[in-house]
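# Structure at a glance
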Amino acid sequence: MVLKQEQGGDFFFDYEVDAEMLSISCDKCGKQFKRKSAKSEHMKACGEEPRFSCPYCPHRTARRRNMRTHVAIKHRCRYP
């Protein structure tokens, strides 16, 4: 087992992952994944500068849906 840590909003949580599940990794940055689909989604934006900027703070992200979520949660309004 491998102990992983991820950020969930304003907090971190720990969880255990079977080491065999982390055998899928990004060829560019080495990030490890449990699912091939997660790697495929990651590869679309790996190494690129984030394209979407928050109109209310310095936060930036590569995906529009992540910006919508950020604005809704952190600023309690809708992203245009």
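What comes next concerns the included structure.

The rules behind these values
- Residues numbered from 1 in each chain as written.
- Predicted model: local features only at pLDDT ≥ 70, side-chain atom pairs only at ≥ 80, totals over all residues.
- Heavy atoms only, no water.
- Salt bridge = Lys/Arg side-chain N within 4 Å of Asp/Glu carboxyl O.
- Helix = DSSP H or I, 4+ residues; strand = E, 2+ residues; numbered from the N terminus.
- Buried < 20%, exposed > 50% of the residue type's maximum accessible area, 1.4 Å probe, protein only.
- Polar contact = N/O pair within 3.5 Å; in protein donor to acceptor, adjacent residues only side chain to side chain.
- Contact = heavy atoms within 4.5 Å.

Looking now at the pattern of salt bridges. Under the definition given, this model contains three salt bridges. Notably, a salt bridge pairs Glu41 with Arg63, separated by 3.1 Å at the nearest N-O pair. Remark: Arg63 occurs in the loop between strand 6 (60–61) and helix 2 (64–74) and Glu41 occurs in helix 1 (residues 36–43); sequence separation between them is 22 residues. The network of salt bridges with common partners includes Glu41, Lys44, Arg63 and Arg65.

Turning to the side chain of His70, a few remarks are in order. Following the sequence through the fold, His70 ends up in helix 2. Residue His70 is classed as buried on the basis of its relative accessible area, which comes to 13%. Only 3.3 Å separates the side chain of His70 from the side chain of His75, close enough to count as a polar contact. Those residues in contact with His70, other than ones at most four positions away along the chain, are Cys54, Cys57, His59 and His75.

Our next topic: the environment of Ala62. Considering the arrangement of structural elements, one finds Ala62 in the loop between strand 6 and helix 2. By relative accessible area, Ala62 is classed as partly exposed at 25%. Separated by eleven residues in sequence, Ala62 and Arg51 place their C-alpha atoms 5.2 Å apart. Dropping the residues within four chain positions of it, Ala62 is found in contact with Ala45, Pro50, Arg51 and Phe52.

From the geometry alone we can't say anything about function, so treat these as descriptive.
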